[in-house]
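Each chain is listed here by its residues.
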Amino acid sequence: MAGVGAWLPPRVVTNDDLARHLDTSDEWIRSRTGIARRHLVDPGTATAILATEAGVMALKSAGCGDVDSVIVATTTPERLCPATAPQVAARLGLAGIAAHDVSAVCTGFLYGLATAAGQIATGVAERVLLIGAEAFSTIINPADRETAVIFGDGAGAVVLRAGAADEPGAVGPCVLGSDGDLSDLIMVPAGGSGQRASGLAAHPDDYYFQMRGRDVYRHAVERTTEAAGAALERAGWRAEDVDRLVPHQANARICAAIAERLGIPPERQASNIERVGNTAAASIPLLLTEDSARGRLVRGDRVLLAAFGGGLTWGAATLTWPELGTVASNMPGLGDQPVGVG
Ligand code: COA
């Protein structure tokens, strides 16, 4: 890993803002999810813009102008077809290179990480720009209080390059899994080939994201903990070796339960859900950017990434933290932060 960057849309929406048109409250949202506010896109801003902005930041952090491949992990592609990544590559002035999307909802960044590592291992690319980008609010039903309070928009990106397995920044084992028998726990029912957009959906709400939150909760804790344990085992690490747990920010209670089961104390857990909500595929690179800029991730730190999402999908990976000259973002209170670490 040679660079990290992030970009959040400027508009901030608080719990009180949501409570003006939804039957909910700041107290309910904070106590059940840990979320206080989120950043949401304005009409006209979609995933390619978020992804490009984050990509620019990560390239700046890596100190390089180009890469050989762009991977965009997203739940909210610009269009059903084609993928968003070629558009992002072109916006970055990199038309001609390999570019494709990864679709694994909130686990997308980890599926993308494994894909990027594979491209480097097979010689497809020397350097890969991996972006997790979500304009998640574009698929949320504004009248559905069970989902409208949880998700936020944003993008985070990393640059990966070929390197030695023992140098800081090396990505370790990746563990991935899925269970399609539970695909209807998290879904947008209509608009795909299963319920075609050419006819009218059975119900207008079928074009929106739907989630069976209570069932998701249980599977999220179990599956993420298992995947994280398997990644630790393959890396030959114990829980006490982990300097930083970076879990997908599904819900603060889910993250706390996973950390507790793994035996990783709160001071070693990365968290941003209070400020940005659940940003799906963007949450892990957003956390990496923020923690690196704040000096909570320093050279040589042993990092455990873990995620869970629709599909169902889940995954975990280990890495050691690299020496980064700069961490670039527009995140409030962060700006472009030079980090003097090591
Ligand atoms: N405001 C107020 N009340 C709400 C509400 C909201 N925004 N959303 C749901 N409720 C109500 C429910 O209708 C229910 O009312 P009832 O008891 O009268 O039926 C009550 O709150 C409790 O609902 P429940 O679903 O049991 O709450 P919960 O504690 O499980 O929290 C979630 C709900 C969605 C926050 C929680 O299940 C969750 O986080 N699930 C995982 C979601 C997730 O991470 N998804 C992404 C995966 S990557």
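Residues numbered from 1 in each chain as written. Predicted model: local features only at pLDDT ≥ 70, side-chain atom pairs only at ≥ 80, totals over all residues. Heavy atoms only, no water.

A.B. asks: So what's going on with the site of the ligand? Residues and values would help.
C.D. replies: Around the ligand, the structure places 23 residues, and the nearest of them are Thr24, Arg32, Arg145, Arg214 and Asn251. In the model, an oxygen atom of the ligand is placed 2.7 Å from a nitrogen or oxygen of the arginine 32 side chain. Within the side chain of asparagine 251, a nitrogen or oxygen atom sits 2.5 Å from an oxygen atom of the ligand. When the ligand sits alone it has 960 Å² of accessible area, and the protein chains cover 78% of it. Going through the elements one at a time, helix 2 (26-33), helix 6 (145-148), helix 7 (213-235) and helix 8 (252-262) are the ones with two or more residues in the shell around the ligand. Looking at the shell around the ligand, the element that brings in the most residues is helix 7, giving four residues. Along the lines of polarity and charge, the residues of the shell around the ligand split into eleven nonpolar, six polar and six charged. (Near = heavy atom within 4 Å. Polar contact = N/O pair within 3.5 Å; in protein donor to acceptor, adjacent residues only side chain to side chain. Areas by Shrake-Rupley, 256 points an atom, 1.4 Å probe, with all protein chains shown as cover. Helix = DSSP H or I, 4+ residues; strand = E, 2+ residues; numbered from the N terminus. Nonpolar A, V, L, I, M, F, W, Y, C, P; charged D, E, K, R; others polar.)

A.B. asks: How would you summarise helix 3 (residues 47-62) if you had to cite specific residues and measurements?
C.D. replies: Over its 16 residues, helix 3 extends 22 Å from the first C-alpha to the last, a length consistent with the 22 Å expected when each residue adds 1.5 Å. Listed in full, the buried residues belonging to helix 3 are Thr47, Ala48, Leu50, Ala51, Thr52, Ala54, Gly55, Met57, Ala58, Leu59 and Ser61. Of the surrounding elements, those touching the buried residues of helix 3 are strand 1 (3-7), helix 4 (85-91), strand 6 (127-134), strand 7 (154-161) and strand 14 (326-329). One or two positions beyond helix 3, positive phi appears at glycine 63, with a value near 70°. (Expected span 1.5 Å × (residues − 1). Buried < 20%, exposed > 50% of the residue type's maximum accessible area, 1.4 Å probe, protein only. Contact = heavy atoms within 4.5 Å.)

A.B. asks: How would you explain the pattern of salt bridges if you had to name every residue and give the values?
C.D. replies: Evaluation of the coordinates by the stated rule reveals 18 salt bridges. Residues aspartate 291 and arginine 296 are paired through a salt bridge, measuring 3.7 Å at the closest nitrogen-oxygen approach. Assessed through its relative accessible area of 42%, arginine 296 is described here as partly exposed. The network of salt bridges with shared partners includes Asp26, Arg30 and Glu274. (Salt bridge = Lys/Arg side-chain N within 4 Å of Asp/Glu carboxyl O.)

A.B. asks: I'd like a rundown of the domain arrangement of the protein, residues and numbers included.
C.D. replies: What the domain assignment lists for the protein is domain 1 (3-161) and domain 2 (171-332). Relative placement of domain 1 and domain 2: their C-alpha centres are 13 Å apart. Counting residues at the interface gives 54 residues for domain 1, matched by 53 residues for domain 2. Summing both sides of the interface, domain 1 and domain 2 together bury roughly 4,000 Å²; the carbon and sulfur share of this comes to 68%. On the domain 1 side of the contact with domain 2, Val4, Cys106 and Leu110 bury the most area, a combined 15% of that side's loss. Counting across the domain 1 and domain 2 interface gives one salt bridge. (Domains from an automatic or database assignment. Buried area = accessible area lost by both parts, 1.4 Å probe.)

A.B. asks: Before we move on, can you summarise the sheet that holds strand 8 (residues 171-178) with the specific residues and values?
C.D. replies: The strand order across the open sheet formed by four strands is 8-13-12-11, and the pairing between neighbours is mixed. Of all strands in the sheet, those bounded by a partner on one side alone are strand 8 and strand 11 (244-247). Shown here is a sheet whose adjacent strand axes are inclined to one another by a mean of 10°, direction ignored. Pairing geometry for strand 8 and strand 13 (residues 313-320), over six bridges, is antiparallel. Across the sheet, residue valine 171 finds its bridge partner in strand 13, namely leucine 319. Across the sheet, helix 5 (residues 108-121) touches strand 8, strand 12 (302-309) and strand 13, and the angle it forms with strand 8 is around 125°. (Pairing = 2+ DSSP bridges. Axes fitted to C-alpha atoms, helices over the stretch in contact; angles between N-to-C directions.)

A.B. asks: Tell me about the environment of glutamate 290, and please be specific about residues and values.
C.D. replies: Note that glutamate 290 resides in helix 10 (residues 283-293). For glutamate 290, a relative accessible area of 3% translates into the label buried. Here the alpha-carbon distance between glutamate 290 and serine 271, two residues 19 residues apart in the chain, equals 9.5 Å. Setting aside chain neighbours within four positions, we find glutamate 290 in contact with Asn272, Arg275, Met331 and Leu334. Within the local environment of glutamate 290, its side chain forms a polar contact with the side chain of arginine 275, the two groups lying 2.6 Å apart.

A.B. asks: Tell me what's going on with the packing of aromatic side chains, and back it up with residues and numbers.
C.D. replies: Counted by the stated rule, this structure contains three aromatic pairs. Ring centres of phenylalanine 136 and phenylalanine 151 lie 4.3 Å apart, and the angle between their planes is 10°; on these two criteria the pair is classed as stacked. Of the two residues, phenylalanine 136 is situated in the loop between strand 6 and helix 6 and phenylalanine 151 in the loop between helix 6 and strand 7; the sequence distance between them amounts to 15 residues. Its relative accessible area of 0% is what places phenylalanine 136 among the buried residues. By relative accessible area, phenylalanine 151 is classed as buried at 6%. For the ring pair phenylalanine 136 and phenylalanine 209, a centre distance of 5.1 Å and an interplane angle of 75° mean the geometry is edge-to-face. One end of the pair, phenylalanine 136, is in the loop between strand 6 and helix 6; the other, phenylalanine 209, is in the loop between strand 9 (186-187) and strand 10 (210-211), with 73 residues separating them in the sequence. By relative accessible area, which is 3% here, phenylalanine 209 ends up buried. Put simply, the rings of Phe136, Phe151 and Phe209 touch in pairs and so form one group of aromatic residues. (Phe/Tyr/Trp six-rings, centres within 6.5 Å; stacked < 30°, edge-to-face > 60°.)

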